[in-house]
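Take a look at the letters that make up each chain.
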Amino acid sequence: MTLPQLFFAYFATAMTTLSLLVVTRKNPVHSVMWMLVLFIHIAGLYLFLNAEFLAAIQIIVYAGAILVLFLFVIMMLNLRKEETVKKYQAQWPLGAGIGIILAVFLVSILGKITVLPALGKYSIEAIKSEGSMMTIGKVLYTEYLLPFEVASIVLLVAIIGAVVLAKKRIE
Amino acid sequence: MVPLSWYIVLSAVMFSIGVFGFLARRNLLIIFISIELMLNSVNISLVAFSHYLQSMRGQILVFFVITVAAAEAAIGLAILIAYYKNNPTIKVDEINLLKG
Amino acid sequence: MLKYTLIPLLPFISFLINILFGRNYIKDKAHWIAVPAVAGSFILAVSAFFDVLGGHDVNVNIYSWIVSGDFNVSVGFLIDQLSAIMLIVVTSISTLIFIYSIGYMHGDPGYYRFFAYLSLFVFSMLMLVMGNNFLVMYFGWEAVGLCSYFLIGFWFHKKSASDAGKKAFIVNRFGDFGFGLGVILIYLTFGSLEFMQVFDKAGSIAGQTINILGNDVNLITLICLLLFCGAVGKSAQLPLHVWLPDAMEGPTPVSALIHAATMVTAGVFMVARCNPLFSMSPVAMNTVAITGGLTAIFAATIALVQNDIKRVIAYSTVSQLGYMFLALGVGAYSAGIFHLYTHAYFKALLFLGSGSVIHALHHAGHHDEQNMQKMGGLKKYMPITYKVFILATLSITGIPFFSGFFSKDEILWRAYQGGDLGKFLWLLAALAALLTAFYSWRLIFLTFHGTFRGSHEHEHHIHESPPVITVPLMFLAFGAVFAGYVGIPPIFLEHGDRIGEFLAPVLGHPAGHGTHAEEIFVILVSIAVAVLGWMVAYNMYIKNTGLPQKLQDRFAPVHKLLFNKYYIDELYSKTLVQPMLKASDKIILGFDTYIIEGIVNGVPNLIGAFGRKFREVQTGMLSNYALVMAIGAVCIVGIWVFLK
């Protein structure tokens, strides 16, 4: 096993374990904390895959914003008593079966996947010469300008939606 | 060198774990977290493809997925809170208003 | 091409705009759309007419309508001499009547609806006239019937009006059924529905027979008789004439446009259009001629004693349509179309004039506004209406140098030449002309002369209609007087029969084989009966006003028979309608109670039972739904796995 493969083996094991921890903890705060560790691992994996910008975004947006949002909600809901009851639904064996079967199917298809030799122009060297930020920025603001603007509208809608939903009813 | 398929298998396994969490848990918050988990697993595969195909498209897509995930989390949690105000439970098997 | 497409399209656009936006936006401004549209059609029609006059016929397919195997029908236009004349008649009269309607329908709550339907009617009529195959014609044929139904029942809150609409529609169904069968038979025989192809191939099936219930029937005769069925229904010939007098329940402009000038002449137009087929079948020709002749005299006798001003004119229309069929039946197609053309103007004028009278009486508060016995002496209040009425009457009775004279005389002369049967028909037609003269003058004398027979208060309020009504009347009066000058008999003027020569390429122009002496005899007879009719009417209604009552008492049974229109409505009611209703009652009791209601109640019960079982699947829990969805997704992935 080469060094990169060893690295990957660590990440894969850690991330699978962390994922299982996230979905099995009874206390949602614990889940969120494990999720945080998982996100840091994912960011590491992104670095490994030459995506520095996304790694940064992963930490800032997911860990910094979304998870904090979850924590806020948990705090607001004050779910102490929830911890005393069963954490799984009645249908959990079915869910587990589905999950396992899906994993087997996906692995059996995707495990054999290979890359065609016809490669794009963003080789590691090309990205390195400009830097990951600049490369992604150029693509985002030229080729994907319209989707980018649409994304901003999606966020705006989310803001308005959240405000409307969360505010007190005015009788 | 790490083969591409390893990343994809990792992504598939994480996704299945997310599916399991989504289907099995009672706590709505954990279900939301499972959704985030599934989105992240897909992101991993996208970044891996992007790297191995030397194309920027995958990363751009991840960027948009994160955007949508943020919006979804915000709206979803807002709905959760709004619901909780009316009916103080977040146990998903006690929420059956869809039943006619 | 656009020009020809626009001719029917303009009224259709007007219809769409008025029906879609009329109720809320256009309201009482509907005529600002409808009148320019139909006037535009008129201008284009005139231009098309001059194209034809310049020898430029059009036979073009606009687009493929139905393509199914060998069955191939296009929407296409055929503009030749015949359709050019019809286009002029339809669009010119429509334009005048649209303008007239602005005044007549003013203030009616359904104003926009009226113009919408009227526009739709013009569109349909133009499609009927312009179509280059039987299916387009059939489309127009049915569509004008539909518009006729809408417009007869325009005041649908009046029971008699909606009943009359239904009656017209149902009676027409009898005829249209035959017409439809005829079209199908034409397709089966010729493999095509286009006029030109059918007429070209017509010669090849001469003498062919078809076996129906063990009898050999001449194929072409059968086709012609089936087509003629449609004409009998639409043009209100015996025995399907019953709907037309009742159709007078509609607003008067409708009676003028649809039930006098244009739609009811569709049957005449259709027979003339199919003249290559009819000419091949003497049986069919004789049927057409005899039906026409009998209808002419039959309707004229009824008109003698009716009191409703519009009904008299309606029966007069039936009678004049009979004339047209008589002409077609003796092979004088162009004479039939000529009479159609002149009749359109003077009959529209008569109707609109009576509309003007009704309008004036209605506004004066007179309740029985259509009963001539309650009128009288209107001459001094409505001078314009009176004058145009006189002109129209002179024209319809066939006084020389008015347009009706030329066309009617042409028909009488052609009939006279047609052998023994022709002589007999001529006799019928001449008698009908006498009756026509009598009842037309009776109408004038009862309405306009003498003293007013309503109350004084009403009399005080009667005044002439506004210009929007009288101006179209004057235009029509011009047509009623001068329209006939395109067909002066050759005996008066060499090449005087312009219209006959114009139509000759389509309709043929049978050479007369009578002598000049005979022709002059026929003309003298027709003048004589016209004058005689006037004299009798003058005697009875001006000089000796007690005479009609005496005659009525003396010949009470005859009067009763005529007044009740030969009891034909009652006959149909007894033999067709009542048994049908009784049978329907039985069917409703048995069939409806057990079978229809069984199905109607059974199906929901079944669905309900299933529903009660299946609703248990709907737990209302999100996770269950998600689980099912996930199972589906896994199955799809699984299919992929196992197929690879």
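The structure displayed is predicted, hence computed values, not measured ones.

Asker: Can you explain the overall build of chain A? Please cite residues and give values.
Answerer: Counting secondary structure elements, chain A contains seven helices and zero strands. When the helices and strands of chain A are listed from N to C terminus, the series reads α-α-α-α-α-α-α. Here chain A, with 171 residues, has 39% of them falling under the buried criterion. Put simply, 56% of the contacts in chain A that link residues at least 6 apart link residues at least 24 apart.

Asker: Tell me about the packing of helix α6 (residues 132-142) of chain A against helix α3 (residues 57-86) of chain B, and name the residues and values.
Answerer: Contact pair α6 of chain A / α3 of chain B: the axes reach a minimum separation of 10 Å and the direction vectors enclose 75°. Relative to α3 of chain B, the element α6 of chain A is oriented roughly perpendicular. Here α6 of chain A contributes I136, V139 and L140 of chain A to the contact with α3 of chain B, which in turn contributes Q59, I60, F63 and F64 of chain B. For the contact of α6 of chain A with α3 of chain B, a count of residues per class yields six nonpolar, one polar and no charged.

Asker: Tell me about the pairing of strand β1 (residues 58-68) of chain C, residues and numbers included.
Answerer: Remember that side chains alternate between the two faces of the sheet whenever the strand is regular. All names here are of chain C. When β1 meets strand β2 (residues 71-79), the two strands line up antiparallel, connected through nine bridges. Considered in β2, the bridge of V58 is made with I79. Connecting the antiparallel pair β1 and β2 is a turn made up of two residues, with G69 showing a positive phi of about 60°.

Asker: Give a description of the packing of aromatic side chains that names residues and reports values.
Answerer: The relative placement of two aromatic rings is captured by the distance of their centres and the angle of their planes. All names here are of chain C. Counted by the stated rule, this structure contains 53 aromatic pairs over all chains. Centroid distance Y149 to F150: 6.0 Å. Interplanar angle 45°. Geometry classified as tilted. Judged by relative accessible area, Y149 falls into the partly exposed class, the value being 32%. Through a chain of ring-to-ring contacts, three or more aromatic side chains come together here, namely F98, Y111, F114, F115, F154 and W155. The residue whose ring lies beneath R113 is F154, and the NZ or CZ to ring-centre distance is 4.4 Å. Directly above the aromatic system of F169 lies the positively charged group of R173, at a separation of 4.7 Å from the ring centroid.

Asker: Lay out the interface of chain B and chain C in plain terms, naming residues and giving numbers.
Answerer: Listed as interface residues are 10 residues of chain B and, on the opposing side, 11 residues of chain C. Taken together, the two surfaces of chain B and chain C that pack against each other cover about 780 Å², and 69% of this comes from carbon and sulfur. Across the contact surface, chain B and chain C share zero salt bridges. Linking chain B with chain C are zero residue pairs in polar contact (both at pLDDT 80 or more). Along the lines of polarity and charge, the residues of the side of chain B that touches chain C split into six nonpolar, two polar and two charged.

Asker: Can you tell me about a positive patch on the surface, naming the residues and giving the values?
Answerer: Together, K99 of chain B together with R612, K613 and R615 of chain C give the surface a local cluster of positive charge. By secondary structure assignment, the location of R612 of chain C is in helix α25 (residues 568-614).

Asker: Tell me what's going on with unusual backbone geometry, and back it up with residues and numbers.
Answerer: Following L238 of chain C, the chain continues into P239 of chain C via a peptide bond in cis, with omega recorded as 0°. Here P239 of chain C lies in the loop between α8 (219-234) and α9 (243-246). Here the phi dihedral of N50 of chain A falls at roughly 70°; this positive angle occurs in a residue that is not glycine. For N50 of chain A, the position within the fold is in the loop between α2 (28-48) and α3 (52-77). You can call N50 of chain A buried: its relative accessible area is 14%. Positive phi is not limited to glycine here, since F401 of chain C has a value of about 70°. Residue position: F401 of chain C is located in the loop between α16 (383-397) and α17 (403-416). Exposure remark for F401 of chain C: the relative accessible area of 53% places this residue in the exposed category.

Asker: Can you lay out the state of the cysteines for me, pointing to particular residues and giving the numbers?
Answerer: Residues and elements named next belong to chain C. In this structure the tally under the stated criterion is zero disulfides over all chains. In this structure C274 is a free cysteine whose sulfur lies 7.6 Å from that of C224, the closest cysteine sulfur available. By relative accessible area, which is 0% here, C274 ends up buried.

Asker: I'd like a description of the interface of chain A and chain B, backed by residues and values.
Answerer: Contacts between the two partners involve 90 residues from chain A, matched on the other side by 70 residues from chain B. At the boundary of chain A with chain B, total buried surface from both sides reaches about 7200 Å², with 77% on carbon and sulfur atoms. Two residues, E143 of chain A and R57 of chain B, come together in a salt bridge whose shortest N-O distance is 3.9 Å. On the surface where chain A and chain B come into contact, there are 16 residue pairs in polar contact (both at pLDDT 80 or more). Of all the secondary structure elements, the ones that give two or more residues to the side of chain A that touches chain B are α1 (3-24), α2, α3, α4 (92-110), α5 (124-130), α6 and α7 (145-166) of chain A. For the side of chain A that touches chain B, the class distribution of residues is 62 nonpolar, 18 polar and 10 charged.

Asker: Please provide a residue-by-residue account of the nonpolar core, values included.
Answerer: Most often, soluble globular proteins have nonpolar side chains that are buried together. In terms of nonpolar packing, the biggest core is built from 218 residues, with F134, L227, L277 and F278 of chain C touching the most fellow members. Setting aside its immediate chain neighbours within four residues, L227 of chain C contacts F134, F179, G182, V183, I186, M270, C274, L277 and F278 of chain C. By size, the runner-up hydrophobic cluster in this structure holds 76 residues, among which are I136 of chain A together with V2, I8 and V47 of chain B.

Asker: How would you sum up the side chain of S255 of chain C? Please name residues and give values.
Answerer: Residues and elements named next belong to chain C. As for its placement among the helices and strands, S255 is situated in helix α10 (residues 252-261). Residue class for S255 comes out buried when judged on its relative accessible area of 0%. Here the side chain of S255 touches K310 through a polar contact of 3.3 Å, side chain to side chain. Sequence-distant contacts of S255, defined by excluding residues within four places in its chain, comprise A247, M248, G250, A260, K310 and F351.

About the thresholds
- Residues numbered from 1 in each chain as written.
- Chains lettered and ligands numbered in written order.
- Predicted model: local features only at pLDDT ≥ 70, side-chain atom pairs only at ≥ 80, totals over all residues.
- Heavy atoms only, no water.
- Helix = DSSP H or I, 4+ residues; strand = E, 2+ residues; numbered from the N terminus.
- Buried < 20%, exposed > 50% of the residue type's maximum accessible area, 1.4 Å probe, protein only.
- Contact = heavy atoms within 4.5 Å.
- Axes fitted to C-alpha atoms, helices over the stretch in contact; angles between N-to-C directions.
- Parallel < 35°, antiparallel > 145°, perpendicular 65-115°, else oblique.
- Nonpolar A, V, L, I, M, F, W, Y, C, P; charged D, E, K, R; others polar.
- Pairing = 2+ DSSP bridges.
- Phe/Tyr/Trp six-rings, centres within 6.5 Å; stacked < 30°, edge-to-face > 60°.
- Lys NZ or Arg CZ within 6 Å of the ring centre and 35° of its normal.
- Buried area = accessible area lost by both parts, 1.4 Å probe.
- Salt bridge = Lys/Arg side-chain N within 4 Å of Asp/Glu carboxyl O.
- Polar contact = N/O pair within 3.5 Å; in protein donor to acceptor, adjacent residues only side chain to side chain.
- Patch = residues over 30% accessible without salt bridge, like charges linked within 9 Å, V, L, I, M, F, W, Y side chains within 5 Å.
- Areas by Shrake-Rupley, 256 points an atom, 1.4 Å probe, with all protein chains shown as cover.
- Lys, Arg positive; Asp, Glu negative; His and termini not counted.
- Charge placed at Lys NZ, Arg CZ, Asp CG, Glu CD.
- Disulfide = S-S within 2.5 Å.
- Core = buried A, V, L, I, M, F, W, Y, C linked by side-chain atoms within 4.5 Å.

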